[in-house]
Amino acid sequence: MGTLFLVATPIGNLEDMSPRALRVLREVKLIAAEDTRHSGILLKHFDIHTPSISYFEHNKLTRLDAILAALALGDVALISDAGTPAVNDPGYELVRAALASGFDVRPVPGPSSPIAALSVSGLPTDAFTYLGYLPHKPSERRKFVAQIANLRHTLIFLESPHRIVDSLKDLLAGLGDRQICVAREMTKLFEEFWRGPISGALEYFKSREARGEFTLVVGGNMEGAAGRWTDEAMLAAVRKELKDGRSAREISSDLAELGGWSRREVYALVNQNK
């Protein structure tokens, strides 16, 4: 019976590869990699010749049997393109399947962009929520931001360079002008950290070409616990939803739950502002 090792790999700087991670990757019988071409560069750099197969978002379910069969013969390592496997990358289903089949599952800790950004953000680290990528569609993103607006702890997101400005706009509108740390290209040549109010980050990244992957660390709601939205907050949310062409019934159902209002109250507000 083999062990499934979840091996963290560098998010940029190859010097972050740990001695234990290198040893495990050399000793296992098989490496399941998110992208064998990308990981092949890493393995070649460290002179690792362990056989590998692809394990990514669109084949992760069909690969389960093959990887479980490999585990029956020896140890297997799971790696992602960068960082810690199963954190916003494929791995959850494999871990559950391995555990259900009686295999041992062990972490080989190392780089993680959410934790790296949080640690240097200057924002509270005692309680935080990692939320992955913000929704791509503007209406879904605004709705999602409204859902988390009352959380009191630090929030962590990932974002692509193509959507960073639009996402900062929606964070500013939905959360207010909170403190933010925008981490870009961490541990790489053009590593950058921008700290300050969301409005300042928006102006900064509007004025230059955004490149690389972004991690956003945003302060929590320190003005009060979750509760009923103010009249002004609900009116702003209603107007946004109306611009997206949603029906009064849909808006009243969603915003009533989010804002602590009755559906009848929200429905009346929607009809007043059509």
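Our subject is the structure listed above.
Residues numbered from 1 in each chain as written. Predicted model: local features only at pLDDT ≥ 70, side-chain atom pairs only at ≥ 80, totals over all residues. Heavy atoms only, no water.

(A) Examining the pairing of strand S8 (residues 179-184) more closely. Counted residue by residue, S8 has five buried out of six residues, so it is predominantly covered. Pairing between S8 and strand S9 (residues 192-197): six bridges, direction antiparallel. The partner of Cys-181 across the bridge, within S9, is Arg-195. Judged from the five bridges that link them, S8 and strand S10 (residues 214-218) form a sheet pairing that is antiparallel. Paired with Val-182 across the bridge in S10 is Leu-216. (Buried < 20%, exposed > 50% of the residue type's maximum accessible area, 1.4 Å probe, protein only. Helix = DSSP H or I, 4+ residues; strand = E, 2+ residues; numbered from the N terminus. Pairing = 2+ DSSP bridges.)

(B) Geometry of the sheet that holds strand S5 (residues 104-108). With parallel pairing, the five strands of this open sheet are ordered in space as S3-S2-S4-S1-S5. The strands lining the two open edges of the sheet, one partner per strand, are strand S3 (52-54) and S5. The mean angle between the axes of side-by-side strands here comes to 25°, regardless of whether they run parallel or antiparallel. Here three bridges tie strand S2 (residues 30-33) to S3, and the two strands are oriented parallel to one another. Bridged to Ile-31 within S3 is Ser-52. Most of the contacts of helix H3 (residues 64-71) go to strand S4 (residues 76-79), to which it runs at about 140°, and overall it touches strand S1 (3-7), S2, S3 and S4. (Axes fitted to C-alpha atoms, helices over the stretch in contact; angles between N-to-C directions. Contact = heavy atoms within 4.5 Å.)

(C) Molecular detail of unusual backbone geometry. Positive phi, close to 60°, is recorded for Asp-47, a residue that is not glycine. One can find Asp-47 in the loop between helix H2 (36-45) and S3. Not every positive phi belongs to a glycine, and Thr-187 is a case in point at roughly 70°. Here Thr-187 is to be found in the loop between S8 and S9.

(D) Inspection of the pairing of S10 at higher detail. Among the five residues of S10, five are classified as buried, and the element is accordingly described as predominantly covered. Residues Phe-214, Leu-216 and Val-218 line one face of S10 and the alternating positions Thr-215 and Val-217 line the opposite face, and both faces are buried. As paired elements, strand S7 (residues 154-159) and S10 share five bridges and run antiparallel to each other. By the bridge assignment for S10, Phe-157 is matched with Leu-216.

(E) Region of interest: the nonpolar core. Formed by 21 residues in total, the largest nonpolar core has its most connected members in Phe-157, Leu-168, Leu-171, Ile-180, Val-182, Leu-216 and Val-218. Put simply, the parts of the chain that give this core at least two residues each are helix H6 (138-148), S7, helix H7 (164-175), S8, helix H8 (198-206) and S10. Aside from chain neighbours lying at most four places away, what touches Leu-171 is Leu-134, Val-145, Phe-157, Gly-176, Ile-198, Leu-216 and Val-218. (Core = buried A, V, L, I, M, F, W, Y, C linked by side-chain atoms within 4.5 Å.)

(F) Fine view of the packing of aromatic side chains. The tally for this structure, following the rule as stated, stands at three aromatic pairs. Ring geometry for Trp-194 against Tyr-204: centres 6.2 Å apart, planes inclined by 35°, an arrangement best described as tilted. Residue Trp-194 is found in strand S9, and its partner Tyr-204 is found in helix H8; the two are separated by 10 residues along the sequence. Note on Trp-194: relative accessible area 16%, which makes it buried. Relative to Phe-205, the ring of Tyr-204 has its centre 4.9 Å away and its plane inclined at 85°; by these criteria the two rings are edge-to-face. The class of Phe-205 is buried, set by a relative accessible area of 3%. (Phe/Tyr/Trp six-rings, centres within 6.5 Å; stacked < 30°, edge-to-face > 60°.)

(G) Looking closely at the environment of Trp-261. Relative to the assigned elements, Trp-261 resides in the loop between helix H10 (248-259) and helix H11 (263-272). Distance in space between the C-alpha atoms of Trp-261 and Thr-230 is 9.7 Å, their sequence separation being 31 residues. Residues in contact with Trp-261, not counting those within four places in the same chain, are Arg-228, Trp-229, Thr-230, Asp-231, Met-234, Ala-256, Val-266 and Leu-269.

(H) Representation of the pattern of salt bridges within the structure. This model, assessed by the stated rule, comprises 15 salt bridges. Across the pair Asp-35 and Arg-37 runs a salt bridge whose closest N-O atoms are separated by 3.5 Å. A relative accessible area of 22% places Asp-35 in the partly exposed class. Of the charged contacts, one joins Arg-163 and Glu-159 as a salt bridge, the two residues approaching to 3.2 Å between their closest N and O atoms. An identical accessibility class is assigned to Arg-163 and Glu-159; each is buried. Here the residues in one salt-bridge network are Lys-143, Glu-241, Arg-246 and Asp-254, joined through shared partners. (Salt bridge = Lys/Arg side-chain N within 4 Å of Asp/Glu carboxyl O.)

That's the geometry; what it means functionally is another story.
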